[in-house]
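# Architecture and fold: a report
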Amino acid sequence: YVFLKRSMARPTGFFNWGGYTTVQMVSCDVQAVCAGNSHSMLLHQDGSVWATGWNEYGQLGDGTKTDANTFGQVVSGGVRTIAAGDTHSLVMKQDGSVWTTGSNSYGQLGDGTMSSQEVFVLVVSSGMQAVAAGAWHSMVMNANGDVWGTGANDSGQLGDGSYISKDKFVRVSTAKDDGLYFTVVWARQTCVVFEWPCVVLRSGCHLRIDICFHALA
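Quick look at the structure, then. Residue numbers here run from 1 along each chain, matching the order of that chain's written sequence. Local features in a predicted model are, by the rule used here, given only for residues with pLDDT of at least 70; side-chain atom pairs are given and counted only at 80 or more, and totals for whole chains, interfaces and linings are based on all residues. Side-chain metrics in this entry use all non-hydrogen atoms of the structure; hydrogen atoms and water are not considered.

## Quick look at the sheet that holds strand β13 (residues 137-142)
Strand pairing is defined by DSSP finding a minimum of two bridges between the two strands. Helix numbering and strand numbering both begin at the N terminus, where a helix is a DSSP run of H or I of at least 4 residues and a strand a DSSP run of E of at least 2. Taking strand neighbours across the sheet as the criterion, the four strands line up as β12-β13-β14-β15 in an open arrangement whose pairing is antiparallel. The open sheet has two edge strands with one neighbour each: β12 (128-133) and β15 (166-173). Geometrically, the sheet is characterised by an average inter-axis angle of 20 degrees between neighbouring strands, direction not taken into account. Summarising the sheet, β13 and strand β14 (residues 147-151) pair through five bridges and their orientation is antiparallel. Pairing of methionine 139 across the sheet is with glycine 149, part of β14. Axes here mean lines fitted to C-alpha atoms, for a helix over just the part in contact, with angles spanning 0 to 180 degrees between N-to-C directions.

## Some details on the environment of aspartate 46
Mapped onto the elements, aspartate 46 comes out in the loop between β5 (39-44) and β6 (49-53). The spatial distance from the C-alpha of aspartate 46 to the C-alpha of glycine 78 is 7.4 Å, given a sequence separation of 32 residues. Excluding residues within four positions of it along the chain, aspartate 46 makes contact with Gly77 and Gly78. Among the polar contacts listed, one links the side chain of aspartate 46 to the side chain of serine 48, at a separation of 2.6 Å. Only heavy atoms matter for contacts: two residues are in contact if any of them lie within 4.5 Å across the pair. Distance and chemistry together define a polar contact, namely a pair of N or O atoms within 3.5 Å, with one atom able to donate a hydrogen and the other to accept it when in protein, and with adjacent residues in sequence counting only for side-chain atoms on both sides.

## Points about the environment of valine 30
One can find valine 30 in strand β4 (residues 30-35). Along the backbone, valine 30 and glutamine 45 are 15 residues apart, and their C-alpha atoms lie at a distance of 5.9 Å.

## Considering the nonpolar core
Here, the term nonpolar core denotes a set of buried Ala, Val, Leu, Ile, Met, Phe, Trp, Tyr and Cys residues that are joined through side-chain atoms within 4.5 Å. Three labels apply to residues, based on accessible area from a 1.4 Å probe with only protein chains included: buried if under 20% of the type maximum, exposed if over 50%, partly exposed otherwise in between. If you look at the biggest cluster of nonpolar residues, it comprises 14 residues, and the most contacted ones within it are Met41, Val49, Val79, Ile82 and Val91. Contributions of two or more residues to this core are made by β4, β5, β6, β7 (68-75) and β8 (79-84). Broken down by element, this core gets its largest block of residues, three residues, from β8. Judged by nonpolar contacts, the second largest core, of 13 residues, contains Met92, Val123, Met128 and Ala133.

If you want it as structure tokens, here you go:
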């Protein structure tokens, strides 16, 4: 796995690109990685989650608001997949429950409040198969392909037919017989992709793209 580290100089033997130096970190048991605005998360094969970076809003989920410059364990195990928004984070556990932490100014944590959290809190008790995060909104999908969203909705990114932000997950799409396959979320866009046809929910535009790649077991 390769991570980027800010560097003012170009050390011998390293490739310098735009003020950043690539640093090789070897790990044999990392299953998934994702990155928010200025924080990063790793999911190990044992189901533990590790995070580092900016933590002003508690987005690392380590119980503090102190920045970190090395990966520290924030969830001990049982996690299936992870996602990172601008300043919030999500984990989905093996039992299908969803937990969130970090900034909640738009309701993106989905816990019914707009208060930030410093540790992961349970927001969906069970039944989920996938999670995704935009800059300030979050999406979850169950085994039937039904999709729920919460958080910022000023550009219609939740796809619920309104421009009103939500602080709890609301259903925004039902798979029915259309074969919903997965959900992709950009900073202010949500794409719900079907095996056939491909359907894009009402969405806004934003130049910055946040992408989280994760592998499902």
